[in-house]
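# A look at the structure
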Protein chains: 2
Amino acid sequence: GDAAAGQAKSMMCAGCHGADGNSMVPTYPNLAGQNAAYLEGALKAYRGQERTGYQAAIMYGMAAALSDDDIANLAAYYSSK
Amino acid sequence: GDAAAGQAKSMMCAGCHGADGNSMVPTYPNLAGQNAAYLEGALKAYRGQERTGYQAAIMYGMAAALSDDDIANLAAYYSSK
(Lines give C-alpha, C1' and ligand atoms only; values in the text may rest on other atoms or scores of the structure.)
Protein backbone atom coordinates (compact mmCIF):
# COMPACT_ATOMS: atom_id res chain seq x y z
CA GLY A 1 0.00 0.00 0.00
CA ASP A 2 0.89 3.68 -0.34
CA ALA A 3 1.35 5.24 3.12
CA ALA A 4 0.96 8.81 1.82
CA ALA A 5 -2.38 7.97 0.22
CA GLY A 6 -3.26 6.17 3.44
CA GLN A 7 -2.53 9.26 5.50
CA ALA A 8 -4.89 11.31 3.33
CA LYS A 9 -7.56 8.67 3.77
CA SER A 10 -6.99 8.44 7.52
CA MET A 11 -8.70 11.72 8.43
CA MET A 12 -11.85 9.67 8.93
CA CYS A 13 -10.07 7.38 11.38
CA ALA A 14 -8.21 9.99 13.39
CA GLY A 15 -11.18 10.89 15.57
CA CYS A 16 -11.03 7.58 17.40
CA HIS A 17 -7.65 6.09 16.50
CA GLY A 18 -5.64 9.33 16.70
CA ALA A 19 -3.96 11.19 13.83
CA ASP A 20 -0.83 9.05 14.27
CA GLY A 21 -2.63 5.85 15.24
CA ASN A 22 -2.35 6.30 19.01
CA SER A 23 -5.95 6.19 20.03
CA MET A 24 -7.69 8.95 21.96
CA VAL A 25 -10.00 6.45 23.60
CA PRO A 26 -8.50 3.71 25.83
CA THR A 27 -11.11 1.18 24.76
CA TYR A 28 -10.21 1.70 21.07
CA PRO A 29 -7.07 0.02 19.75
CA ASN A 30 -3.89 1.80 18.84
CA LEU A 31 -3.08 1.23 15.16
CA ALA A 32 0.42 2.73 15.17
CA GLY A 33 2.98 0.05 14.34
CA GLN A 34 0.32 -2.63 13.93
CA ASN A 35 1.03 -5.33 11.33
CA ALA A 36 -0.20 -4.21 7.88
CA ALA A 37 -1.44 -7.69 6.97
CA TYR A 38 -3.47 -7.82 10.19
CA LEU A 39 -4.93 -4.37 9.58
CA GLU A 40 -5.93 -5.30 6.01
CA GLY A 41 -7.64 -8.45 7.18
CA ALA A 42 -9.45 -6.65 9.97
CA LEU A 43 -10.66 -3.81 7.72
CA LYS A 44 -11.95 -6.30 5.15
CA ALA A 45 -13.69 -8.25 7.91
CA TYR A 46 -15.39 -5.03 9.04
CA ARG A 47 -16.25 -4.02 5.47
CA GLY A 48 -17.84 -7.43 4.90
CA GLN A 49 -19.41 -7.38 8.38
CA GLU A 50 -17.87 -10.79 9.01
CA ARG A 51 -16.41 -9.68 12.31
CA THR A 52 -19.16 -9.37 14.91
CA GLY A 53 -19.39 -8.79 18.63
CA TYR A 54 -17.44 -6.52 20.96
CA GLN A 55 -16.95 -3.21 19.12
CA ALA A 56 -17.14 -4.53 15.56
CA ALA A 57 -20.38 -2.83 14.59
CA ILE A 58 -18.90 0.62 15.12
CA MET A 59 -16.49 -0.10 12.27
CA TYR A 60 -19.05 -1.29 9.69
CA GLY A 61 -19.94 2.24 8.61
CA MET A 62 -16.33 3.34 8.60
CA ALA A 63 -15.16 0.52 6.39
CA ALA A 64 -18.19 0.22 4.10
CA ALA A 65 -16.93 2.74 1.54
CA LEU A 66 -13.29 1.65 1.49
CA SER A 67 -11.82 0.10 -1.64
CA ASP A 68 -9.14 -2.59 -1.50
CA ASP A 69 -6.59 0.09 -2.40
CA ASP A 70 -7.84 2.37 0.38
CA ILE A 71 -7.46 -0.53 2.78
CA ALA A 72 -3.94 -1.36 1.58
CA ASN A 73 -2.95 2.31 1.84
CA LEU A 74 -4.42 2.76 5.33
CA ALA A 75 -2.66 -0.41 6.48
CA ALA A 76 0.63 0.83 5.03
CA TYR A 77 0.18 4.20 6.71
CA TYR A 78 -0.64 3.01 10.24
CA SER A 79 1.91 0.19 10.21
CA SER A 80 4.55 2.79 9.35
CA LYS A 81 3.78 4.92 12.42
CA GLY B 1 -3.53 -5.43 36.53
CA ASP B 2 -0.14 -6.77 37.60
CA ALA B 3 2.30 -6.74 34.66
CA ALA B 4 4.70 -9.21 36.30
CA ALA B 5 1.91 -11.74 36.81
CA GLY B 6 0.84 -10.99 33.26
CA GLN B 7 4.29 -11.77 31.93
CA ALA B 8 4.22 -15.17 33.63
CA LYS B 9 0.83 -15.86 32.13
CA SER B 10 1.92 -14.70 28.68
CA MET B 11 4.00 -17.77 27.84
CA MET B 12 0.87 -19.17 26.24
CA CYS B 13 0.54 -16.09 24.02
CA ALA B 14 4.16 -15.69 22.99
CA GLY B 15 3.99 -18.30 20.27
CA CYS B 16 1.85 -16.09 18.07
CA HIS B 17 2.07 -12.63 19.62
CA GLY B 18 5.80 -12.74 20.43
CA ALA B 19 7.40 -12.81 23.89
CA ASP B 20 7.32 -9.00 24.00
CA GLY B 21 4.05 -8.58 22.14
CA ASN B 22 5.55 -8.03 18.71
CA SER B 23 3.93 -10.77 16.73
CA MET B 24 5.85 -13.43 14.82
CA VAL B 25 3.08 -13.75 12.28
CA PRO B 26 2.16 -10.68 10.16
CA THR B 27 -1.51 -11.60 10.12
CA TYR B 28 -1.61 -11.69 13.95
CA PRO B 29 -1.75 -8.37 15.80
CA ASN B 30 1.06 -6.85 17.79
CA LEU B 31 0.00 -6.41 21.41
CA ALA B 32 2.99 -4.36 22.57
CA GLY B 33 1.84 -0.90 23.66
CA GLN B 34 -1.80 -1.68 22.93
CA ASN B 35 -4.36 0.00 25.21
CA ALA B 36 -4.99 -2.12 28.32
CA ALA B 37 -8.72 -1.37 28.34
CA TYR B 38 -8.98 -2.49 24.71
CA LEU B 39 -7.03 -5.69 25.42
CA GLU B 40 -9.25 -6.53 28.41
CA GLY B 41 -12.39 -6.03 26.37
CA ALA B 42 -11.09 -8.11 23.50
CA LEU B 43 -9.94 -10.99 25.74
CA LYS B 44 -13.32 -11.05 27.47
CA ALA B 45 -15.07 -11.02 24.08
CA TYR B 46 -12.96 -14.01 23.03
CA ARG B 47 -13.54 -15.78 26.35
CA GLY B 48 -17.28 -15.31 25.97
CA GLN B 49 -17.09 -16.13 22.24
CA GLU B 50 -18.95 -12.90 21.56
CA ARG B 51 -16.41 -11.83 18.98
CA THR B 52 -16.84 -13.88 15.80
CA GLY B 53 -15.50 -13.85 12.28
CA TYR B 54 -12.04 -13.13 10.93
CA GLN B 55 -9.54 -14.83 13.26
CA ALA B 56 -11.68 -14.77 16.41
CA ALA B 57 -12.17 -18.52 16.74
CA ILE B 58 -8.44 -19.11 17.13
CA MET B 59 -8.58 -17.16 20.37
CA TYR B 60 -11.53 -18.98 21.98
CA GLY B 61 -9.38 -21.82 23.28
CA MET B 62 -6.66 -19.45 24.42
CA ALA B 63 -9.01 -17.26 26.43
CA ALA B 64 -11.36 -19.93 27.76
CA ALA B 65 -9.38 -20.65 30.91
CA LEU B 66 -8.43 -17.06 31.76
CA SER B 67 -9.81 -15.45 34.91
CA ASP B 68 -10.64 -11.74 35.09
CA ASP B 69 -7.40 -11.25 37.03
CA ASP B 70 -5.41 -13.12 34.38
CA ILE B 71 -6.96 -10.87 31.75
CA ALA B 72 -6.20 -7.69 33.72
CA ASN B 73 -2.61 -8.87 34.28
CA LEU B 74 -2.05 -9.79 30.63
CA ALA B 75 -3.46 -6.44 29.54
CA ALA B 76 -1.19 -4.62 31.98
CA TYR B 77 1.80 -6.60 30.76
CA TYR B 78 1.37 -6.11 27.02
CA SER B 79 0.31 -2.46 27.29
CA SER B 80 3.54 -1.84 29.22
CA LYS B 81 5.72 -3.19 26.39
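One structure accompanies this document, and this report is about it. (Residues numbered from 1 in each chain as written. Chains lettered and ligands numbered in written order. Predicted model: local features only at pLDDT ≥ 70, side-chain atom pairs only at ≥ 80, totals over all residues. Heavy atoms only, no water.)

## Side note on the relation of the copies chain A and chain B
The second copy of the chain is related to the first by a rotation about an axis and a shift along the axis. Selection criterion: The atoms used to superpose the copies are C-alpha atoms, taken from residues with pLDDT of at least 70 in both, and the fit is least squares. The contact rule is simple, with two residues in contact once any of their heavy atoms fall within 4.5 Å.
The operation relating chain A to chain B is a screw motion whose rotation component is 180°, with 0.0 Å of axial translation and a residual RMSD of 0.0 Å. The transformation just described matches what one would write down for a two-fold rotation axis. Of every C-alpha in chain A, the one belonging to Thr52 of chain A sits nearest the axis of rotation, 2.6 Å from it. By residue overlap, the copies meet face to face through one surface: 100% of the interface positions of chain A are interface positions in chain B.

## A closer look at the interface of chain A and chain B
This is how the line gets drawn: In short, buried area is how much 1.4 Å probe accessible area vanishes from two parts on joining, totalled over both. Every case where a carboxyl oxygen of Asp or Glu lies within 4 Å of a side-chain nitrogen of Lys or Arg is listed as a salt bridge. We define a polar contact as two N or O atoms separated by no more than 3.5 Å, with the added condition that, inside protein, one atom must be a possible hydrogen donor and the other a possible acceptor, whereas residues neighbouring each other in sequence contribute only through side-chain atom pairs. Residue polarity follows a fixed list, in which Ala, Val, Leu, Ile, Met, Phe, Trp, Tyr, Cys and Pro are nonpolar, Asp, Glu, Lys and Arg are charged, and the others, Gly among them, are polar.
With 22 residues of chain A in contact, the opposing surface of chain B contributes 22 residues. On the chain A side of the interface with chain B, the three residues burying the most area are Tyr38, Arg51 and Tyr54 of chain A, jointly 36% of the side's total. Seen at the junction of chain A and chain B, the total is 0 salt bridges. Counting across the chain A and chain B interface gives 15 residue pairs in polar contact (both at pLDDT 80 or more). By residue class, the composition of the side of chain A that touches chain B is 10 nonpolar, 10 polar and 2 charged.

## Brief notes about the packing of helix H3 (residues 36-47) of chain B against helix H5 (residues 68-79) of chain B
When two helices pack together, you describe them by how their axes are tilted relative to each other and by the distance separating the axes. Residues and elements named next belong to chain B. Convention followed: To get an axis, a line is fitted to the C-alpha atoms, and for a helix only the part in contact is used. The angle between two axes follows their N-to-C directions and goes from 0 to 180 degrees. Each helix is a run of H or I in the DSSP string that is no shorter than four residues. Each strand is a run of E no shorter than two, and both are numbered from the N terminus. To sort the angles, those under 35 degrees are grouped as roughly parallel, those over 145 as roughly antiparallel, those from 65 to 115 as roughly perpendicular, and the leftovers as oblique. Two helices that cross are described as forming a left-handed crossing if the nearer one is turned anticlockwise from the farther one by less than a right angle, and a right-handed crossing if clockwise.
The interhelical angle for the contact between H3 and H5, taken along N-to-C directions, is 140°, at an axis separation of 8 Å. When the interaxial angle is binned, H3 and H5 end up oblique. In the packing of H3 onto H5, the handedness of the crossing is right-handed. For the pair formed by H3 and H5, the contact residues are Ala36, Leu39, Glu40, Leu43, Lys44 and Arg47 on the first element and Asp68, Ile71, Ala72, Leu74, Ala75, Tyr78 and Ser79 on the second.

## Details of unusual backbone geometry
Our working definition: Per-residue accessibility, obtained with a 1.4 Å probe over protein chains only, is compared with the maximum for each type, and a residue is labelled buried under 20%, exposed over 50%, and partly exposed between these values.
Phi at Gln49 of chain A is positive, roughly 55°, even though this residue is not glycine. Take Gln49 of chain A: it is sitting in the loop between helix H3 (36-47) and helix H4 (56-64). According to the relative accessible area criterion, Gln49 of chain A is partly exposed, its value standing at 46%. Located in the positive-phi region is Tyr54 of chain B, a residue other than glycine, with phi close to 50°. If you trace the backbone, Tyr54 of chain B turns up in the loop between H3 and helix H4 (56-64).

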